[in-house]
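Commentary on secondary and tertiary structure
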Amino acid sequence: MSGNEQARPAATGLKRRDICMDESVTRAINAMKRSEFIATFGSVFREAPWAAEEAYECRPFADISALKSTLMAMVRGAPQEARLRVLRAYPGLETLLSVASPRERIMSGTTAPAGLDQLSPEEFAQFRSLNKSYNERFDMPFLLYAEGNTAAGVMKLLEQRLRHEPEVEEAIAFREVGRFADPVFEAIFQKLATRNGD
């Protein structure tokens, strides 16, 4: 699914008041000084405050969606080492498996998303083995916004994505990064909307 396809439901569901708020916030963003803009949006993507620095030069933005797309474009267009730093800054499957391990569950009482804390020992070992293969092949963590997934679904995706070419897999990983960034961006928007409405 493309970024445009993901954005369409939100856009079509906007009420007139929401559209006006979006326009009001967009005007406020376009009027920001460089330092304020970077301070506001420098944390949208981990390890990438420079994305906000570069995105600032692309003002004015037509709307909030255009701003987010521009920030992502700055990250995707960065040199390879910078892109990898961003990807490695997000919690990969190994992090989820660590939380899901029997020892961790007993010691901390934590639960893992996608039912990963319900794995049998054999399934757990299979996940670990495939994840190790992924890390070795792509030199980055297996990124997946796990909310709404099942362990079987995660396993299927892991097996599929292991067969991708590196450039294809990097694009998919950044799609997942975008999903991680959505709540961060939404929180910033809501804060600006509240401030702008005062």
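Residues numbered from 1 in each chain as written. Predicted model: local features only at pLDDT ≥ 70, side-chain atom pairs only at ≥ 80, totals over all residues. Heavy atoms only, no water.

**Thoughts on the pattern of salt bridges**
Test applied: By definition here, a salt bridge exists when the distance from a side-chain nitrogen of Lys or Arg to a carboxyl oxygen of Asp or Glu is within 4 Å. Each helix corresponds to a stretch of at least 4 residues labelled H or I by DSSP, and each strand to a stretch of at least 2 residues labelled E; elements are numbered beginning at the N terminus. Here's how the labels work: a residue is buried when its accessible area is under 20% of the maximum for its type, exposed when over 50%, partly exposed in between, all with a 1.4 Å probe on protein chains only.
Per the counting criterion, the structure on display carries ten salt bridges. Glu170 is the salt-bridge partner of Arg83, the closest N and O atoms lying 2.6 Å from each other. Here Arg83 is found in helix α6 (residues 80-88), whereas its partner Glu170 is found in helix α11 (residues 166-197), with 87 residues between them in sequence. For the pair Arg83 and Glu170, a shared accessibility class is recorded, and that class is buried. When salt bridges that share partners are traced, they join Glu81, Arg88 and Asp139 into one network.

**Things to note about the environment of Met32**
Note the following rule: Contacts between residues were defined by any pair of non-hydrogen atoms, one from each residue, lying within 4.5 Å.
Looking at the element boundaries, Met32 is found in the loop between α2 (16-30) and α3 (34-41). For the pair Met32 and Arg59, spaced 27 residues apart in the sequence, the C-alpha separation amounts to 9.9 Å. Sequence-distant contacts of Met32, defined by excluding residues within four places in its chain, comprise Phe37, Thr40, Phe41, Tyr56, Arg59, Leu192 and Arg195.

**Concerning the packing of aromatic side chains**
Convention followed: Whether two aromatic rings pair depends on their centres lying within 6.5 Å, for rings of Phe, Tyr and Trp, where Trp uses its six-membered ring; planes under 30 degrees apart make the pair stacked, over 60 edge-to-face, and the rest tilted. Counted as over-ring charges are cases with an Arg CZ or a Lys NZ within 6 Å of the ring centre that also lie within 35 degrees of the ring normal.
Counted according to the given criterion, the structure contains eight aromatic pairs. Here the aromatic rings of Tyr90 and Phe180 are separated by 5.5 Å at their centres, their planes lie at 35 degrees, and the arrangement is tilted. Linking Tyr90 in the loop between α6 and α7 (93-100) with Phe180 in helix α11, this pair joins segments that are 90 residues apart in sequence. You'll find Tyr90 and Phe180 in the same group, each marked buried. Between the aromatic rings of Tyr145 and Phe180, the centroid separation amounts to 5.3 Å while the plane-to-plane angle is 80 degrees, which identifies the pairing as edge-to-face. Here Phe180 lies in helix α11 and Tyr145 lies in the loop between α9 (121-138) and α10 (151-161), a separation of 35 residues in the sequence. Its relative accessible area of 21% is what places Tyr145 among the partly exposed residues. Of the residues examined, Phe180 reaches a relative accessible area of 17% and is grouped as buried. The positively charged end of Arg59 is found above the aromatic ring belonging to Tyr56, 3.8 Å away from the centroid.

**Remarks on the packing of α3 against helix α4 (residues 49-56)**
What counts, and what does not: Only the stretch in contact is used when a helix axis is fitted, and all axes are lines through C-alpha atoms; the angle between N-to-C directions ranges over 0 to 180 degrees. For classification, angles of less than 35 degrees are called roughly parallel, those exceeding 145 degrees roughly antiparallel, those between 65 and 115 degrees roughly perpendicular, and all remaining angles oblique. Should the near helix be turned anticlockwise from the far one by less than a right angle, the crossing is left-handed, and should it be turned clockwise, the crossing is right-handed. Amino acids are sorted into nonpolar (Ala, Val, Leu, Ile, Met, Phe, Trp, Tyr, Cys and Pro), charged (Asp, Glu, Lys and Arg) and polar (every other residue, Gly among them).
One way to put it is that α3 packs onto α4 with a least axis distance of 8 Å and a crossing angle of 140 degrees. Comparing the axis directions of α3 and α4 gives the class oblique. Relative to α4, α3 is oriented so that their crossing is right-handed. Taking contact as the criterion, the partners of Arg34, Phe37, Ile38 and Phe41 in α3 are, on α4, Pro49, Ala52, Glu53, Ala55 and Tyr56. By residue class, the composition of the contact of α3 with α4 is seven nonpolar, no polar and two charged.

**Here's the deal with the nonpolar core**
Worth spelling out the cut-off: For the purposes of this section, nonpolar cores are sets of buried Ala, Val, Leu, Ile, Met, Phe, Trp, Tyr and Cys residues that join through side-chain atoms within 4.5 Å.
Counting 57 residues, the largest nonpolar core has Ile29, Phe37, Phe41, Phe45, Leu71, Leu93 and Phe127 as the members making the most contacts within it. Considering each element in turn, this core owes the most residues, ten residues, to α11. Residue contacts for Phe37: discarding those within four places in its chain leaves Ile29, Met32, Gly42, Ala52, Ala55, Tyr56, Phe61 and Leu67.

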